[in-house]
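Topology and contacts: notes
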Amino acid sequence: MRLDKFLCQLNMGSRTEVKNLIRRGQVTVNGAPAMSPEQKIDEQADRITCRGQFLRYQPHVYYMMNKPQGVVSATRDRLDKTVLDLLRPVLAEQDRKREIVPVGRLDKDTEGLLLLTDDGALAHELLAPGKHVNKTYLVKTAEVLTETDILALETGVDIGEKRKTLPASVEVLEPKLIRLTIHEGKFHQVKRMLQAVHNEVLALKRVGFGPLLLDETLSPGDARALTEEEILALQSRPSIQPPVLDDIEAVIFDLDGTLVDSMWIWHDIDVEYLGKYDIPIPDRLQADIEGMSFDEVAVYFKERFAIPDSLEQIKESWNSMAWDKYEREVRLKPGVKTFLDACKGRGIKLGIATSNSRKLLDNISQVHGLHDYFTCTLTGCEITRGKPAPDIYLAVAEKLGVRPEHCLVFEDIIPGIMAGKNAGMKICAVEDAYSADIRIQKQNLADYYIADYTEIVL
């Protein structure tokens, strides 16, 4: 991994800020001053310090909380204290900028085990309706459950949904106290299940979630990092990713951040290019240009920043600045080739729909041997409207001769996800560090979500 990317992932600053730290000699690798931002490191084996602080590489963090009553399972709330308010004092300084969220929710009056993490892919797997992750509760009831009530809960009860609940497990601990294990996560499910057998929940405490058990040494409101064994137990759950290729005749990919890990280079290029004109990079620049075609971004730059160069000169400068990085530093996302081979073996047609330039698309295709897989590649410069308009995906589907409803789109940013949805296609969102701050939105919008292509059950 590049040293500057490592530092950015550990929230030591923006890419520009960490470069300045390196140049000032405030970063060491195995006791020696870092040589350059581009220096390659082994994030697991090398010892990295920044401003005297030893940095341990952690792609994600995981915390267990014993949530108390009266606190809401949210990242922010105008009226009530949130679980994030309770967690912040526990976090290491380097983790305080991470987008940590609760995995699921416990009602305000429910206490017990809550998992908090910035691992969006794991959170999605644990929460997806088809995953059937076990959730175990201690339930204090208003009335004693009869044998008939217990049988109903263990068979499935009507709580007003299209289907009855999945069979639950009931263990009677005391006349009005049970241990209840369910395999879904419907709204107020435990309370509605008890109502369905003409009973009422007086107190509710979650003591198990998947392979995790509540650490009873945690007082209500306390939290701790998961142990290595607990993290391994969560991550080693067998993959039950839905069969995403069922009824699919064509798969269409975005390029940057989806097929290749390249989104990071464009921030550097923007900083360098605008720096030639002594123009600081605006905070919202990336958000403003997301989904635009290469041509549209050039127009935006020329008009927004009064660039004296012609549009062709602007685009040629960007192509030139990006060429070497694409050729030498940009890699395919993990599992891409295996997935492409599987699609090809099934006779599924493959296409690319990218906002990038034709020149850079051809460059990256040549470097990684993608030409052999794709029968249609299209850039945003070759259609009328850029993402989130559906034009580019509809055009690729038409060239492939496949109806939109039989197409699956892989995308990493929201305008691209919306473009695919607007085209009437299935969407699989792809994890990317560049868009980590909108991970939850991506998960909610897409039909599927993957950390990388190795997760897909073929």
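Procedures and definitions
- Residues numbered from 1 in each chain as written.
- Predicted model: local features only at pLDDT ≥ 70, side-chain atom pairs only at ≥ 80, totals over all residues.
- Heavy atoms only, no water.
- Core = buried A, V, L, I, M, F, W, Y, C linked by side-chain atoms within 4.5 Å.
- Buried < 20%, exposed > 50% of the residue type's maximum accessible area, 1.4 Å probe, protein only.
- Contact = heavy atoms within 4.5 Å.
- Helix = DSSP H or I, 4+ residues; strand = E, 2+ residues; numbered from the N terminus.
- Arc of directions from axis to C-beta.
- Salt bridge = Lys/Arg side-chain N within 4 Å of Asp/Glu carboxyl O.
- Disulfide = S-S within 2.5 Å.
- Pairing = 2+ DSSP bridges.
- Axes fitted to C-alpha atoms, helices over the stretch in contact; angles between N-to-C directions.
- Parallel < 35°, antiparallel > 145°, perpendicular 65-115°, else oblique.
- Left-handed = near helix turned anticlockwise from the far one by under 90°.
- Nonpolar A, V, L, I, M, F, W, Y, C, P; charged D, E, K, R; others polar.
- Phe/Tyr/Trp six-rings, centres within 6.5 Å; stacked < 30°, edge-to-face > 60°.
- Lys NZ or Arg CZ within 6 Å of the ring centre and 35° of its normal.

Val251, Phe253, Trp318 and Phe410 are the most contacted members of the largest nonpolar core, which totals 52 residues. Setting aside residues no more than four positions away along its own chain, Phe410 makes contact with Val251, Ile252, Phe253, Asp254, Thr258, Phe339, Tyr393, Cys428, Val430, Ile450, Tyr453 and Ile456. One finds Val61, Leu86, Leu145 and Val157 within the second-largest nonpolar core, a separate group that totals 32 residues.

The subject of this paragraph is helix H5 (residues 147-155). Residues Asp149, Ile150 and Leu153 constitute the buried set of H5. All buried residues of H5 project into a common sector of 95° when viewed along the axis, lining one side. Exposed residues lying more than 90 degrees from the buried face of H5 are Glu147, Thr148, Leu151 and Thr155. In the core, the buried residues of H5 are packed alongside strand E9 (169-174) and helix H6 (189-196). Positive backbone phi, at 125°, marks Gly156, one or two positions downstream of H5.

Here the focus is the pattern of salt bridges. Following the criterion strictly, the structure yields 29 salt bridges and no others. Here Asp107 and Arg105 are joined by a salt bridge, their closest N and O atoms 3.0 Å apart. When its relative accessible area of 48% is taken as the criterion, Arg105 is described as partly exposed. Residues joined by salt bridges that share partners form a network here, namely Arg2, Asp4, Arg15, Lys19 and Asp268.

Further remarks concern the state of the cysteines. Scanning all chains against the criterion turns up 0 disulfides. A disulfide-free cysteine, Cys381 has its sulfur positioned 15 Å from the sulfur of Cys376, the nearest such atom. The exposure class of Cys381 is partly exposed, given its relative accessible area of 28%. In this structure Cys428 is not part of a disulfide, and its nearest cysteine sulfur, from Cys343, lies 11 Å away. By relative accessible area, Cys428 is classed as buried at 0%.

Turning our attention to the sheet that holds strand E18 (residues 426-430). Spatially, E16-E15-E14-E17-E18-E19 is the arrangement adopted by the 6 strands of the open sheet, whose pairing is parallel. Of all strands in the sheet, those with a lone pairing partner are strand E16 (376-379) and strand E19 (448-450), marking the two edges. Sheet twist, expressed as the mean angle between neighbouring strand axes with direction ignored, is 20°. In this sheet, E19 lies alongside E18 in parallel orientation, the contact comprising 3 bridges. If you follow Ala429 over to E19, its bridge partner there is Tyr449. The sheet strands contacting helix H12 (residues 336-345) are strand E14 (250-253), strand E15 (349-354) and strand E17 (407-411), and the helix crosses E14 at an angle near 150°.

Turning next to the packing of helix H10 (residues 294-305) against helix H11 (residues 311-328). In contact at an axis separation of 9 Å, H10 and H11 are set at 115° when each is read in the N-to-C sense. Here H10 is positioned roughly perpendicular relative to H11, judged by the angle of their axes. Of the two possible hands of crossing, H10 and H11 adopt the one that is right-handed. For the pair H10 and H11, the contacting residues are Phe294, Asp295, Val297, Ala298, Val299, Phe301 and Lys302 in the first and Leu311, Ile314, Lys315, Trp318 and Asn319 in the second. When the residues that make up the contact of H10 with H11 are grouped by side-chain class, the tally is 8 nonpolar, 1 polar and 3 charged.

What follows is about the packing of aromatic side chains. If you walk through the whole model with that rule in mind, you get 17 aromatic pairs. Plain terms: the ring middles of Trp266 and Phe294 are 6.3 Å apart, the flat faces sit at 75° to each other, and that makes the pair edge-to-face. Residue Trp266 is located in helix H8 (residues 263-275), and its partner Phe294 is located in helix H10; the two are separated by 28 residues in the primary sequence. The pair formed by Trp266 and Phe294 is uniform in burial state, with each residue classed as buried. With a centroid separation of 5.7 Å and an interplanar angle of 35°, the aromatic rings of Phe339 and Tyr453 are classed as tilted. Note that Phe339 is positioned in helix H12 and Tyr453 in the segment after E19, a separation of 114 residues in sequence. Here the two residues Phe339 and Tyr453 agree in accessibility, since each one is buried. In textbook terms, an aromatic cluster arises when at least three aromatic residues are bridged by ring pairs, as seen for Trp266, Tyr273, Tyr277, Phe294, Tyr300, Phe301, Phe305, Trp318 and Tyr326. A cation sits over an aromatic face here: Arg206 above Phe209, 4.8 Å from the ring centre.

Time to look at the sheet that holds strand E2 (residues 32-33). Read across the open sheet, the 4 strands follow the order E2-E1-E3-E4; overall the sheet is antiparallel. Lying at the two open borders of the sheet, with one neighbouring strand each, are E2 and strand E4 (53-55). As paired strands, strand E1 (residues 27-29) and strand E3 (residues 48-50) are joined by 3 bridges and run antiparallel to one another. By the bridge assignment, Val29 is partnered in E3 with Ile48.

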